[in-house]
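Take a look at the letters that make up each chain.
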Amino acid sequence: MGYGGSIIDAGQAIGKTGDEGIDGTIKEDMLGLDTVYIQAKRWSRCNVVGRPELQKFVGALAGQGAKKGIFITTSSFTKEAKEYAPKNDTKIVLIDGEELADYMIDYNLGCTTHQTYEVKKIDNDYFIDN
């Protein structure tokens, strides 16, 4: 998506016991001058992410001294979660399952092209008499 460094250097997965609510990081630019923190929830469609989960993430960001975060879920967000905006300088982007699937397709992540189609149209110039 154009974030910093090579694909290998652009991000790092953390997500393990003791990760303090941070599942990964992305370098925002090639020099790594700023970092975006990620929280990811692989939840079923019926288990939606609510405002309390976002508030925990904002707390985790504060613990890292971070101001930018992305909260990704395979499910969706409640209305209250979508309306939530921290009262500090923290910026959070929410990505639900549908948007995540769109990004995966757009950036060929976890998917491959199965079939392509060639679409033809009539070349009217070919049929013009001189």
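This one's a predicted model, so the numbers in the text were calculated from it and none came from an experiment.

A.B. asks: Can you lay out the nonpolar core for me, pointing to particular residues and giving the numbers?
C.D. replies: Counting residues in each nonpolar core, the largest one holds 13 residues, and the members touching the most others are I22, Y37, L54, F57, L61, F71 and F77. Counting residues per element, this core draws most heavily on helix α2 (residues 51-64), at five residues. Of all hydrophobic cores here, the second largest spans six residues; its members include I38, I70, I72 and I95.

A.B. asks: Residues and numbers for the pattern of salt bridges, please.
C.D. replies: Taken as a whole and assessed by the stated rule, the structure comprises six salt bridges. Close ionic contact of K41 with E53 constitutes a salt bridge, the shortest N to O distance being 3.8 Å. Of this pair, K41 sits in strand β3 (residues 35-41) while E53 sits in helix α2, and the two are 12 residues apart along the sequence. Each of E28, D34 and K68 takes part in salt bridges that share partners, so that together they form one network.

A.B. asks: Report on helix α4 (residues 97-106), specifying residues and quantitative values.
C.D. replies: Of the residues that open α4, the one with a side-chain oxygen 3.3 Å from the backbone nitrogen of E98 is D96. At the exit of α4 stands N108, carrying a positive phi of roughly 50°.

A.B. asks: Could you give an account of the packing of aromatic side chains, naming the residues involved and the relevant values?
C.D. replies: The description of an aromatic ring pair rests on the distance of the ring centres and on the angle between the ring planes. All chains considered together, the criterion is met by four aromatic pairs. The interplanar angle of 70° and the centroid separation of 5.9 Å between the aromatic rings of F71 and F77 together place this pair among those described as edge-to-face. The burial state of F71 is the same as that of F77; both residues are buried. Summarising the aromatic geometry, the rings of Y126 and F127 are spaced 5.1 Å apart at their centres and angled 85° between planes, so their arrangement reads as edge-to-face. There is no split in this pair, since Y126 and F127 are both exposed.

A.B. asks: Describe the confidence of the model for the protein, with residues and values.
C.D. replies: Of the residues in the protein, 88% reach a pLDDT of 70 or more, and the chain-wide mean stands at 87. The least confident element of the protein is helix α1 (residues 7-10), whose mean pLDDT is 66; the most confident is helix α3 (residues 79-83), at 96.

A.B. asks: Let's hear about the side chain of T25: which residues, and what values?
C.D. replies: Residue position: T25 is located in strand β2 (residues 24-27). Dropping the residues within four chain positions of it, T25 is found in contact with A10, G11, Q12, I14, T35, V36, Y37 and I38.

Analysis parameters
- Residues numbered from 1 in each chain as written.
- Predicted model: local features only at pLDDT ≥ 70, side-chain atom pairs only at ≥ 80, totals over all residues.
- Heavy atoms only, no water.
- Core = buried A, V, L, I, M, F, W, Y, C linked by side-chain atoms within 4.5 Å.
- Buried < 20%, exposed > 50% of the residue type's maximum accessible area, 1.4 Å probe, protein only.
- Helix = DSSP H or I, 4+ residues; strand = E, 2+ residues; numbered from the N terminus.
- Salt bridge = Lys/Arg side-chain N within 4 Å of Asp/Glu carboxyl O.
- Polar contact = N/O pair within 3.5 Å; in protein donor to acceptor, adjacent residues only side chain to side chain.
- Phe/Tyr/Trp six-rings, centres within 6.5 Å; stacked < 30°, edge-to-face > 60°.
- pLDDT = per-residue confidence, 0-100.
- Contact = heavy atoms within 4.5 Å.

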